[in-house]
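The residues making up each chain are set out below.
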Amino acid sequence: MKTIGMIAEFNPFHKGHKYIIEKAKSITGADNVIVVCSGNFVQRGEPSIYDKTVRTRAALSNGVDAVFELPVYYATASAETFARASVKFLTDIGCVDYLCFGCETENIKILPVIANVLNKEPYEYKELLKNHLAEGVSFPKARSYALKKYLKNTKNINEDETELTLKSPNNILAIEYMKAIKYFDSNLKPLAIKRVGADYSSKDITYDFVSANAIRNELKKKHNIKPLVPSNAYKFYDNTKPLFLSDFDQLLGKALLSSKNYDKYLDVGKEFANRIFNQKILYTDIENFIKQIDSKNNTKTAISRALLHIMLNLKKVDVMDAINNNYFTSARLLGINRASNLISIINDNSKIPLISKFSTHYQNATGLDKKLLDIQLYADNLYRLVYMTKYKEIIPNEFERQIVVK
């Protein structure tokens, strides 16, 4: 029996996700698909458009056999931490053969070449990187410049091709996944599949396969997304309501007022913390504040992610504690296909304890496990609070949330 592992946000699950799952099964002949998925907050520094149970239901109805939650302190982290934690999880549950992921590049072979350079950091590359950083450019830009020159000099790869590859968030994550497989000496076999349809950031809905960004944009405009997603997913979306970054404006404002030492938070450096401190008196809402504290050294996504960490009280020290203790103290199952036998296989092979009932596990948790569960609970409680105050509806808390069984 072969099993595909995927790392996803499904924000929301759409036709492109379904295509990649079906393509991966066709290529590998795999029987099962296991996904480690972001929960109620995602890597772009925003709340998920729909809550994790809704997105789990959509995934299980479209070819996924098991969905596990990627804890919020990894799900909202930088690309390298996000990728390492996800790869570690899929490696440690002990039954995944392939790591499948989408990418934008036509030349898939360039991805492992770049990943290998970044893992080994040859002397010539490091010198190029050091020189560009000395010019005062941001680290992502300096790395891009150094890679372009190094690959041209040593691999005869056109600089434009390298630059185009590094412009896509999906390609960057694909490279980070390959780096992580090497880093952990994992047995996962990487399987890159070219995305079809609209570009990752496109808002164009005329494609057969539109981007998640376009779907979120349509939801923000209160348009019907039924034609844009699989029918087996839409039936779940139609019974819930979306949340957007702007819904958290007041919570972030309160968090900014409640703290002075911003550089203790995940992905917030000293210089950036000073910018936040100096500008917080002008805070009105998240989108405008991102523009106020923008700088050439930070992308909009990086800024949004840092602000989210302040709001969620995600501290660097807590994340490092988790990483230094083998990344995971437990594995939370969000949903399972009853026709699969994955649970018994995972229980027999996993290095990570499986949470079968959250309330029981939480009651018995101690030490680091308890601290990490509390961090996750705080984030989920904020998401639930915002949803209920916006829509005047009561939804289950984490102790009441049931594992989805299809």
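Everything quoted here is computed from the prediction, not taken from an experiment.

K.L.:
Before we move on, could you go through the overall build of the protein chain and cite the residues and values that matter?
P.N.:
When its secondary structure is counted, the protein chain shows 19 helices and 10 strands. Reported as C-alpha extents along the three principal axes, the dimensions of the protein chain are approximately 55 × 55 × 50 Å. For the protein chain, with 406 residues in total, the buried portion stands at 56%. Restricting the contact set of the protein chain to residue pairs at least 6 apart, pairs at least 24 apart contribute 75%. Counting every atom, the protein chain has about 18500 Å² of accessible surface; 49% of that belongs to carbon and sulfur. Once the 58 positive and 44 negative side-chain charges of the protein chain are each reduced to a mean point, those two points are 2 Å apart.

K.L.:
An account of the packing of aromatic side chains is requested, with residue identities and associated values reported.
P.N.:
In this structure the tally under the stated criterion is 20 aromatic pairs. A centroid spacing of 4.9 Å and a plane angle of 65 degrees characterise the contact between F10 and F13, whose relative ring orientation is edge-to-face. The pair F10 / F13 is uniform in exposure class, with both members buried. Ring-pair connections join several aromatic residues into one group, and the members of that group are F68, Y73, Y74, F89, Y183, F184, Y327 and F328. Over the face of the ring belonging to Y391 we find K241, whose NZ or CZ atom lies 5.6 Å from the ring centre. When the ring centre of F358 is taken as origin, the NZ or CZ atom of R332, which lies over that ring, is 4.2 Å away.

K.L.:
I'd like a rundown of the state of the cysteines, residues and numbers included.
P.N.:
Should the sulfur atoms of two cysteines be covalently bonded, the bond is a disulfide. Tallying each qualifying case throughout the model produces zero disulfides. Between C37, a free cysteine, and C100, which holds the nearest cysteine sulfur, the sulfur-to-sulfur gap is 14 Å. Assessed through its relative accessible area of 4%, C37 is described here as buried. Cysteine C100 shares no disulfide, and the gap to the nearest cysteine sulfur, in C103, comes to 9.5 Å. Given a relative accessible area of 1%, C100 falls into the buried group.

K.L.:
Got a sec to walk through the nonpolar core? Specific residues and values, please.
P.N.:
Ranked by size, the top nonpolar core spans 98 residues in total, and within it I34, Y74, L90 and I276 carry the most contacts. If one sorts the elements of this core by residue count, helix α19 (residues 367–391) sits on top with nine residues. Residues contacting I34, with those up to four places away along its chain left out, are T3, I4, G5, M6, A66, F68, L90, I93, C95, V96, L342 and I346. If you look at the next biggest cluster of nonpolar residues, it comprises 36 residues, including I21, C37, V210 and V404.

K.L.:
Before we move on, could you go through helix α8 (residues 159–167) and cite the residues and values that matter?
P.N.:
Among all positions of α8, only T162, T165 and L166 are buried. Projected down its long axis, α8 carries its buried residues within an arc of 90 degrees, all on one side. Exposed residues on α8 whose side chains face more than 90 degrees from its buried face are D160, L164 and K167. Close packing links the buried residues of α8 with α5 (110–120), α7 (139–155) and α9 (169–183). Put simply, N158 is the residue that caps the front of α8, since its side-chain oxygen is 2.7 Å from the backbone nitrogen of D160.

K.L.:
Quick one: what's the story with the pairing of strand β2 (residues 32–38), residue by residue and with numbers?
P.N.:
The element β2 is largely enclosed, with a buried count of seven among its seven residues. Pairing analysis gives six bridges linking strand β1 (residues 3–8) to β2, with the strands arranged parallel. Note that in β2 the partner of M6 across the bridge is V35. Chirality of the crossover, the property in question, places the unit of β1, helix α1 (residues 15–28) and β2 among those that are right-handed.

K.L.:
Now, about unusual backbone geometry: what can you tell me, with residues and values included?
P.N.:
Here the bond from N11 into P12 is cis, since omega is 0 degrees, no more than 30 degrees from zero. Within the secondary structure layout, P12 lies in the loop between β1 and α1. A positive phi angle is found at K222, which is not glycine, with a value near 60 degrees. With a relative accessible area of 77%, K222 lands in the exposed category. Phi is positive for K392, which is not a glycine, with a value near 55 degrees. With respect to the element layout, K392 can be found in the loop between α19 and β10 (404–405).

K.L.:
Describe helix α12 (residues 249–258), and please don't skip the residues or the numbers.
P.N.:
Within the span of α12, buried status applies to D249, L252, G253, A255 and L256. Burial along α12 is one-sided: seen end-on, the buried residues are contained in an arc of 160 degrees. Exposed and oriented more than 90 degrees from the buried face of α12 are Q250, K254, L257 and S258. Among the structural elements, α13 (270–279), α14 (286–292) and α15 (300–312) are those in contact with the buried residues of α12.

K.L.:
Residue-level account of the environment of N349, with values.
P.N.:
Note on placement: N349 falls in helix α17 (residues 342–349). The spatial distance from the C-alpha of N349 to the C-alpha of C95 is 6.8 Å, given a sequence separation of 254 residues. In this structure N349 touches D92, I93 and G94, once residues within four positions along its chain are discounted.

K.L.:
Can you lay out the pairing of β1 for me, pointing to particular residues and giving the numbers?
P.N.:
Buried residues dominate β1, accounting for six of its six residues. Alternating residues of β1 divide into T3, G5 and I7 and I4, M6 and A8, and every residue in both groups is buried. Looking at chain direction, β1 and strand β6 (residues 98–103) are connected through three bridges and run parallel. Across the sheet, the residue bridging to I4 is Y98, located in β6.

Criteria and cut-off values
For every chain, the first residue of the written sequence is number 1, and numbering continues from 1 along that sequence. Reporting of local features is limited, given that this is a predicted model, to residues whose pLDDT is at least 70; pairs of side-chain atoms are given and counted only at 80 or more, and all residues count toward the totals for whole chains, interfaces and linings. Side-chain numbers come from the whole structure's heavy atoms, not from hydrogens or water. Comment: elements are numbered from the N terminus, with helices defined as DSSP H or I runs of at least four residues and strands as E runs of at least two. Here's how the labels work: a residue is buried when its accessible area is under 20% of the maximum for its type, exposed when over 50%, partly exposed in between, all with a 1.4 Å probe on protein chains only. Any two residues having at least one pair of non-hydrogen atoms within 4.5 Å are treated as being in contact. We get accessible surface area from the Shrake-Rupley algorithm with a probe of 1.4 Å; when it comes to residues, only the shown protein chains can shield them. The convention is simple: Lys and Arg are positive, Asp and Glu are negative, and His and the chain ends are not counted. Each charge is placed at NZ for Lys, CZ for Arg, CG for Asp and CD for Glu. Two aromatic rings from Phe, Tyr or Trp, using only the six-membered ring of Trp, form a pair when their centres are within 6.5 Å; if the ring planes differ by under 30 degrees the pair is stacked, by over 60 it is edge-to-face, and anything between is tilted. The criterion for a charge sitting over a ring is simple: Lys NZ or Arg CZ within 6 Å of the ring centre, and within 35 degrees of the ring normal. Pairs of cysteine sulfur atoms within 2.5 Å are identified as disulfides in what follows. Within this scheme, the nonpolar core is defined by two criteria: the residues are buried Ala, Val, Leu, Ile, Met, Phe, Trp, Tyr or Cys, and they are joined through side-chain atoms within 4.5 Å. Summarising the geometry, the arc corresponds to the directions from the helix axis toward the C-beta atoms. A 3.5 Å cut-off defines polar contacts: any pair of N or O atoms within that distance qualifies, except that in protein one atom must be a possible hydrogen donor and the other a possible acceptor, and neighbouring residues in sequence count only when both atoms are side-chain atoms. By definition, two strands form a pair when at least two bridges between them are found by DSSP. Orient the strands so they point away from the viewer, and a crossover whose first-strand-to-second-strand path over the helix runs clockwise is right-handed.

Any link to function would need more than the numbers given here.
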